[in-house]
Each structure stands twice: as structure tokens, then as C-alpha cells.
Amino acid sequence: MEEKTNSTGQNLGIAALITAIITFVFAVIPCVGIIAIIPGIIAIVLASVGLSHASRNESPRGVLIAALIIGIVAVLISLSQIFVAGEIVKKTENKWSGEIREVIKQVQEDVLRDLEDASVSIKVESNGEKVEINTHLNRKDLLEELEELEELEEVNTEEDDTLQTEK
Amino acid sequence: MLIFAYSGIFSPVKDNYPVKCIHEKLTGEPCVSCGLSHSFSLIIRGKIAEAYQWNIYGMRVFLFFALQLVIRIVFSFFYLKYPDTRKELIIFDIAGSVLIFLIAFFPFIRSISSGILG
């Protein structure tokens, strides 16, 4: 009976070791590395069950410990593949955001160029009264209007001064 | 043996490989092991130059699996024939296999470590 339980522990150890080695080989390959987590966990479980059997029956545990260590290392490598993938995604995200920023900048420039010669008219109707405001965003015209307004303001201030002296 | 069966069954012309690169699906960028299945299938069919085009490291990984198959057969033979040297054989087998593994998979290990370390 004791021999049977001992062989069960050993069989589990061999199964765990083979699974762990296969997992380790696949974990290193980036294409399938992430999938290797599943057989890695199976190897760890098999090794743990085998270890519990071996500790109960005081049978040799060398193969089981080796399987457990290889299984854990393989799972860690598989998990590192996710980390590596995450890092690559981060890098590509930065690349995309840069491209998007460039596109937005181009669109902004195009819109501003289109608006340079655009004219806007606003009509308001209230109780039969009509108010119409026309404006345009041509820079030259705007500058001219600004100059005119400044001149008018100067003239107005001068007139105001004369009025004050009359008083 | 499973690797050779996989490479023999699935054809590079039909492109009917069941394993797709998860890395590429997640990141959108091809990884260092992309094209390995194609490369194996082409090596099995004797198209070595084309295999190199699919994956530059395909040949060394394929040689690792081929050597492992030969080593298993040879060591099993010596293991059964010379029972007194079993311990030495196991140590020699482990050391040799680890060395071949490191040589064959070095580009993949380097890509993982560079990904982790930045």
C-alpha cells in the first residue's frame, strides 16, 4: 500500500516536471508565451499535490521540488510577456497620440486659413424691429477698421475736452 | 515529435495555422517569434532560404527541437544499457539541454529582458 502511494507521488512529480519543462519552453516564445500560464498553473498544482503526498509518506521530493520551481519560473516568464506586451502598447500609444496631435494641428491650421476671409452676418428680429450685424474676419480689413476706430476715439476725446472748457 | 507533426500537417501555402500570435493581437506589432510556424513548415519541406525570410531565428529553434529528439533517443539508450552511470547521464543531459536551450532561444530571452528592463 505504501509503495503505491509513493509511486503516485513520483508519477505526479514526473508529470509535473514534463509539464513544467514544456511550459518553460513555450513561455519563452513571445507568440505563445501568454498561453503558457495555463499549463504552468497545472504543473504547479500537480507538483504541490505530489509534494503533499510525498511529505505524508516521507518519499523523495527532489523531482517534485524541481517541477515546482520550473513551473513557478515558467509562469513568471509568461506573466512577464504580458508586461512586455503592455510596454509595447504604451510605446505605440505615445506614437498614436503624437500622430493625432499632428492631425489636430493641421485641422486647426486649415480652419484658421478658411476663416481668414470668412464673413459673418447676424440678423435679430424682435417686435418688428430688425437689427443686422455684418462682420468679416479679413485681417487687413480688421486692422483698417481698428485704425479708423482709434482715430474716431481720438477725435471724440478732443471734442469732449472742448466741451469741458466751455463749461 | 509534436512540433514536427504540427509543422508537417499545417501548410505554409494554405496558411491554416491554428496558433495566431497573441502578442501581435494585443499590441498590433509583430514580435520576434512571428513567422516561426511558417519557418518550421518550410524547413520540413526543405525550403531553407524561404524559411529564413519568414523568421531569421526559425532554424536555430527548429534545430533545438530536432536535437532534443535525438538526445532523448540517445540518452534513453545509454540510460537502459549502462544503469551504473544514470546519475552522470542525467546531469550531462540537463547541462547539455540547458546550454542548447539558451543558445537557441537567446533572441527571445533577450527580447523579453529588453522589454522588462526598457
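Scoring rules and cut-offs
- Residues numbered from 1 in each chain as written.
- Chains lettered and ligands numbered in written order.
- Predicted model: local features only at pLDDT ≥ 70, side-chain atom pairs only at ≥ 80, totals over all residues.
- Helix = DSSP H or I, 4+ residues; strand = E, 2+ residues; numbered from the N terminus.
- Buried ≥ 20, exposed ≤ 12 C-beta atoms within 10 Å, placed from the backbone.
- Contact = placed C-beta atoms within 7 Å.
- Axes fitted to C-alpha atoms, helices over the stretch in contact; angles between N-to-C directions.
- Parallel < 35°, antiparallel > 145°, perpendicular 65-115°, else oblique.
- Left-handed = near helix turned anticlockwise from the far one by under 90°.
- Nonpolar A, V, L, I, M, F, W, Y, C, P; charged D, E, K, R; others polar.
- pLDDT = per-residue confidence, 0-100.
- Core = buried A, V, L, I, M, F, W, Y, C linked by C-beta atoms within 7 Å.
- Expected span 1.5 Å × (residues − 1).

Points about the overall build of chain A
In terms of regular secondary structure, chain A is built from four helices and two strands. The order of helices and strands in chain A, counted from the N terminus, is α-α-α-β-β-α. Expressed as a percentage of the 167 residues in chain A, the buried residues total 24%.

Examining the overall build of chain B
Along the backbone of chain B there are six helices and zero strands. Each helix and strand of chain B, ordered N terminal to C terminal, gives the series α-α-α-α-α-α. When burial is assessed residue by residue, chain B has 22% of its 118 residues classed as buried. Counting only contacts in chain B whose residues sit at least 6 apart along the sequence, the fraction spanning at least 24 positions is 44%.

With respect to the packing of helix α3 (residues 36-44) of chain B against helix α5 (residues 58-81) of chain B
Residues and elements named next belong to chain B. Look at α3 against α5: their axes get within 9 Å of each other, and the N-to-C directions meet at 65°. Taken together, the axis directions place α3 and α5 in an arrangement best described as roughly perpendicular. Here α3 runs over α5; the crossing is right-handed. Touching Leu 36, Ser 39, Phe 40 and Ile 43 of α3 are Gly 58, Met 59, Val 61 and Phe 62, all from α5. Residues belonging to the contact of α3 with α5 are distributed by class as follows: six nonpolar, two polar and no charged.

So, the confidence of the model for chain A
With 75% of its residues at a pLDDT of 70 or more, chain A has an overall mean of 78. The weakest mean pLDDT in chain A belongs to helix α4 (residues 139-166) of chain A at 71; the strongest belongs to helix α2 (residues 37-57) of chain A at 89.

Digging into the interface of chain B and chain A
On the chain A side, the residues contacting the 20 residues of chain B number 17 residues. At the level of secondary structure, the elements contributing two or more residues to the side of chain B that touches chain A comprise α2 (22-27) and α6 (86-117) of chain B. The dominant element in the side of chain B that touches chain A, judged by the number of residues it contributes, is α6(B), at seven residues. Per-class residue counts for the side of chain B that touches chain A are 13 nonpolar, six polar and one charged.

Looking at the nonpolar core
Nonpolar side chains tend to gather and get buried jointly when the protein is soluble and globular. Among the nonpolar cores identified, the biggest contains 40 residues, and A:Ala16, A:Ala20, A:Val28, A:Ala43, A:Ala47, A:Ala67 and A:Ala74 are the most heavily contacted of them. Among the elements of the structure, α1 (2-28), α2 and α3 (62-115) of chain A together with α3, α5 and α6 of chain B are those that each provide at least two residues to this core. Top element by residues in this core is α3(A). It accounts for nine residues. Residue contacts for A:Ala74: discarding those within four places in its chain leaves A:Ala20, A:Thr23, A:Phe24, A:Ala27, A:Ala36 and A:Gly40.

Here we look at the packing of helix α1 (residues 2-9) of chain B against α3(B)
Residues and elements named next belong to chain B. Packing of α1 against α3 leaves a shortest axis separation of 8 Å and a crossing angle of 85°. Judged by the inter-axis angle, α1 sits roughly perpendicular to α3. Contact residues: α1 offers Ile 3, Phe 4, Ser 7 and Gly 8, while α3 offers Phe 40, Ser 41 and Ile 44. In terms of residue class, the contact of α1 with α3 is made up of four nonpolar, three polar and no charged.

A few points about α5(B)
Here α5(B) spans 35 Å end to end across 24 residues, near enough to the 34 Å set by a 1.5 Å rise per residue. For α5(B), the complete set of buried residues consists of B:Gly58, B:Val61 and B:Phe62.

What about the environment of A:Ile18?
Following the sequence through the fold, A:Ile18 ends up in helix α1. Sequence spacing of A:Ile18 and A:Gly71 is 53 residues, and the spatial spacing of their C-alpha atoms is 9.8 Å.

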